Amino acid sequence: KSKRSTATTGDGQLYLAIIFYSIITSMFNGYVEMSIIVQGLRVFFKQRDAQFFQPWTYTLPPVMLRMPWSAVDSLIWSLLVYWTTG
């Protein structure tokens, strides 16, 4: 692990830039999941209008299945940023 100084304003700006870039990267990774959700909305509304299932029974399983992947993605990104920036 590298050691970075935190004594100057420039060092603080570097840390803020790293945090900003990490947030933007996480946001763009979420756009991929949004397209998958939008594709499934047609089926969701069709089944909801026909009253086949309760809405929570259709939405809960995909959310639960995507949570581990999102957690792993965030963990990998956090570890990369932590070890490369110090």
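Reading guide: rules and limits
- Residues numbered from 1 in each chain as written.
- Predicted model: local features only at pLDDT ≥ 70, side-chain atom pairs only at ≥ 80, totals over all residues.
- Heavy atoms only, no water.
- Salt bridge = Lys/Arg side-chain N within 4 Å of Asp/Glu carboxyl O.
- Buried < 20%, exposed > 50% of the residue type's maximum accessible area, 1.4 Å probe, protein only.
- Helix = DSSP H or I, 4+ residues; strand = E, 2+ residues; numbered from the N terminus.
- Contact = heavy atoms within 4.5 Å.
- 1 Å grid on protein atoms, 1.4 Å probe; cavity = no way out; pocket = protein on both sides within 12 Å on 5 of 7 lines; lining within 4 Å.
- Points joined across faces, edges and corners; volume = space filled by probe spheres on them.
- Nonpolar A, V, L, I, M, F, W, Y, C, P; charged D, E, K, R; others polar.

Caption draft 1: Fine view of the pattern of salt bridges. Going through the model one piece at a time under the given rule, you end up with one salt bridge. With a shortest N-O distance of 3.3 Å, arginine 48 and aspartate 49 are connected by a salt bridge. Owing to a relative accessible area of 38%, arginine 48 belongs among the partly exposed residues under this scheme.

Caption draft 2: Layout of the side chain of serine 22. Within the element layout of this structure, serine 22 appears in helix H1 (residues 9-49). If we ignore the near neighbours within four places in the chain, the residues touching serine 22 are Trp77 and Val81.

Caption draft 3: Highlighting empty space enclosed by the protein. As enumerated under the stated definition, the model contains one cavity of 30 Å³ or more in all. When its volume is computed, the largest cavity comes out at roughly 40 Å³. Around the largest cavity, the lining residues are Phe44, Gln47, Arg48, Phe53, Gln54, Pro55 and Tyr58. If one sorts the elements of the lining of the largest cavity by residue count, H1 sits on top with three residues. Among the residues making up the lining of the largest cavity, the classes are represented as four nonpolar, two polar and one charged.

The values reported here are purely geometric and, on their own, carry no functional implication.
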